[in-house]
Amino acid sequence: MFELSKRQSDLGTETAFEVLAKAKELERQGKSIIHLEIGEPDFDTPKHIVDSAKKALDDGFTHYGPSAGQIELRESIAKHQSQRQGYEVKPENIVVTPGAKPIMSFTIMALIESGVEAIYPNPGFPIYQSMIEYMGGTSVPMKLEENKAYNADIQGLEKLITDKTKLLIVNSPNNPCGSVIPESDLEQIAKLAVENNLIVLSDEIYKDMYYGDYDHVSISKFPGMRERTVILDGFSKSYAMTGWRLGYGVFPDFLVGEVTRIMTNINSCTNVFSQMAAISALEGSQESVTKMMEEFTFRKDLVVDGLNSLNGVTCQDPKGAFYAFPNITGTGMTSKEFEKAALYEAGVALLSGTSFGKYGDGYIRVSFANSRENLAEAISRLRNIL
Ligand code: PLP
């Protein structure tokens, strides 16, 4: 009998991968399953990016590289971020990682310990809470309210801040709610961060995925924020590159060297030929992103209309990302019961809202990263079981 570290019992998980495993098992048994559980675009990585990776391999980019990332890529990211953020971002402030997830983990590892509080969105990406608790910190959920279009109440947020609060996590567009934090709210949150000397982790992985006329606004643009904001971004969603494992962070001066040291300890560096291909993603044609969003817009309407037509289900229109987060309390089922019934009775894999924290109870997350036909079929199967 071997004993694990005490810390290990505090580590959470991302249940999307568990539901995916169950769904795959049912498929192996011959059942037909429609996959609406996993958060990845169902499009192929654009060809010019794949070609660049092949070329990088032929050109010998097969060795270790700098822990912070290839300088060519960091320069390209700095240019891209400067354009998008409207202020100068320097390559020295960028660390490239295997996927964007390590940006949240490494930031939390560098900042959080016992006795420290970190505020995170709930419902929200499950790894925030998991990593805060793994590091021994106190995770403080910031409730996203359905009646505020799945945004936090700013006065409520203010009440959560104590003299132990060190980190505040924001995510816009949001997974799982598809919500977008209005600019005026971001400004107020920034003010609170400055007044209370908080570090902000701004998860902007869905910044290219808006519906309608939204321009991405980062909390980092407000006065006093650049020196305290970590921007999390990456290639997984915008360029359908989830399997490549490519993300990055823009770090304030005091953190960039520390996170680079964590990279050296854990990964040495990010896959080098993938990094070289990522330059083509940023600098090549952006047509694939536009096309993907046109398709997602169509599917969003199909899914939202479909969900709203179901007995006991009401669904708001997502403003970003590619998830619908309907309220299912009218069905009389809990979120977990709904998830189970959908998978085992209807053959539709989707996620209980509680996969995203306790305030997700009463909701489910439906990813619309699947074909129009499959989405329509999923709605019809759900109708049958309701
Ligand atoms: N942040 C959010 C809000 C996400 O939804 C995801 C992926 O689902 C990530 C970060 C992590 O992205 P990656 O796959 O690049 O690690």
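Residues numbered from 1 in each chain as written. Predicted model: local features only at pLDDT ≥ 70, side-chain atom pairs only at ≥ 80, totals over all residues. Heavy atoms only, no water.

A. Local environment of the domain arrangement of the protein chain. Each assigned domain of the protein chain is listed here: domain 1 (6-44 + 287-385) and domain 2 (48-283). Each of domain 1 and domain 2 has a C-alpha centre, and these two points are 24 Å apart. Between domain 1 and domain 2, the contact holds 39 residues from the first and 35 residues from the second. Taken together, the two surfaces of domain 1 and domain 2 that pack against each other cover about 3300 Å², and 60% of this comes from carbon and sulfur. The tally of links between domain 1 and domain 2 comes to one salt bridge. In this structure, Lys 101 engages Glu 14 in a salt bridge whose closest nitrogen and oxygen atoms are separated by 2.6 Å. Those elements giving two or more residues to the side of domain 1 that touches domain 2 turn out to be α10 (287-308) and β10 (323-324). Broken down by element, the residue count for the side of domain 1 that touches domain 2 peaks at six residues, all from α10. Here the residues of the side of domain 1 that touches domain 2 are counted per class, giving 18 nonpolar, twelve polar and nine charged. (Domains from an automatic or database assignment. Contact = heavy atoms within 4.5 Å. Buried area = accessible area lost by both parts, 1.4 Å probe. Salt bridge = Lys/Arg side-chain N within 4 Å of Asp/Glu carboxyl O. Helix = DSSP H or I, 4+ residues; strand = E, 2+ residues; numbered from the N terminus. Nonpolar A, V, L, I, M, F, W, Y, C, P; charged D, E, K, R; others polar.)

B. Main features of the environment of Ser 220. Looking at the secondary structure, you find Ser 220 in the loop between β7 (199-203) and β8 (229-234). Spatially, the C-alpha atom of Ser 220 lies 16 Å from that of Val 256, the residues being 36 residues apart in sequence. A distance of 2.6 Å separates polar atoms of two side chains, one belonging to Ser 220 and the other to Ser 218. (Polar contact = N/O pair within 3.5 Å; in protein donor to acceptor, adjacent residues only side chain to side chain.)

C. Quick look at the packing of aromatic side chains. Applying the stated criterion to the full structure yields 14 aromatic pairs. Judged by centre distance (5.6 Å) and plane angle (80 degrees), the rings of Tyr 150 and Phe 325 are edge-to-face. Of this pair, Tyr 150 sits in the loop between β4 (138-145) and β5 (151-152) while Phe 325 sits in the loop between β10 and α11 (335-346), and the two are 175 residues apart along the sequence. With respect to class, Tyr 150 is no different from Phe 325; both count as buried. Relative to Phe 368, the ring of Phe 296 has its centre 6.1 Å away and its plane inclined at 75 degrees; by these criteria the two rings are edge-to-face. Pair noted here: Phe 296 is in helix α10 and Phe 368 is in the loop between β13 (364-367) and α12 (372-385), with a separation of 72 residues, a long-range link. Neither residue differs from the other here; Phe 296 and Phe 368 are each classed as buried. Linked through ring pairs, Phe 43, Tyr 206, Tyr 211, Phe 296, Phe 322, Tyr 323 and Phe 368 together constitute an aromatic cluster. (Phe/Tyr/Trp six-rings, centres within 6.5 Å; stacked < 30°, edge-to-face > 60°. Buried < 20%, exposed > 50% of the residue type's maximum accessible area, 1.4 Å probe, protein only.)

D. Up close: the sheet that holds β13. Here three strands make up an open sheet; going across it, the order is β10-β13-β12 and the pairing antiparallel. Across the chains shown, the open sheet's two edge strands, defined by having one partner strand only, are β10 and β12 (351-352). (Pairing = 2+ DSSP bridges.)

E. Main features of the nonpolar core. By size, the foremost hydrophobic cluster in this structure holds 62 residues, and its most contacted members are Leu 167, Phe 296, Leu 307 and Phe 322. In terms of residue count, the dominant contributor to this core is α10 (six residues). When residues are assigned to domains, this core turns out to be shared by domain 1 (6-44 + 287-385) and domain 2 (48-283), each giving three or more. Leaving out residues up to four positions away in the same chain, Phe 322 has contacts with Gly 39, Glu 40, Pro 41, Tyr 206, Met 209, Tyr 211, Lys 237, Phe 296, Val 366, Ser 367, Phe 368 and Ala 369. (Core = buried A, V, L, I, M, F, W, Y, C linked by side-chain atoms within 4.5 Å.)

F. Quick look at a negative patch on the surface. Together, Glu 72, Glu 75, Glu 88 and Glu 92 make up a negatively charged patch on the protein surface. Mapped onto the secondary structure, Glu 75 falls in helix α3 (residues 71-85). Owing to a relative accessible area of 45%, Glu 75 belongs among the partly exposed residues under this scheme. (Patch = residues over 30% accessible without salt bridge, like charges linked within 9 Å, V, L, I, M, F, W, Y side chains within 5 Å. Areas by Shrake-Rupley, 256 points an atom, 1.4 Å probe, with all protein chains shown as cover. Lys, Arg positive; Asp, Glu negative; His and termini not counted. Charge placed at Lys NZ, Arg CZ, Asp CG, Glu CD.)

G. Local environment of the site of the ligand. Around the ligand sit 14 residues, and of these Asn 175, Asp 203, Tyr 206, Ser 236 and Lys 237 come closest. One of the side-chain nitrogen or oxygen atoms of Asn 175 is found 2.8 Å away from an oxygen atom of the ligand. Ser 236 is positioned with one of its side-chain polar atoms (N or O) 2.6 Å from an oxygen atom of the ligand. Protein chains shield 94% of the accessible area of the ligand, which is 390 Å² for the free molecule. Considering only residue class, the shell around the ligand consists of six nonpolar, four polar and four charged. (Near = heavy atom within 4 Å.)

H. Summary view of the pairing of β4. For strand β3 (residues 117-122) and β4, the ladder comprises six bridges, and the chain directions are parallel. Bridging from a neighbouring strand, Asn 122 pairs with Lys 143 of β4. Regarding the hand of the β-α-β motif, the stretch spanning β3, helix α5 (residues 126-134) and β4 is right-handed. (Right-handed = clockwise from strand over helix to strand, strands pointing away.)

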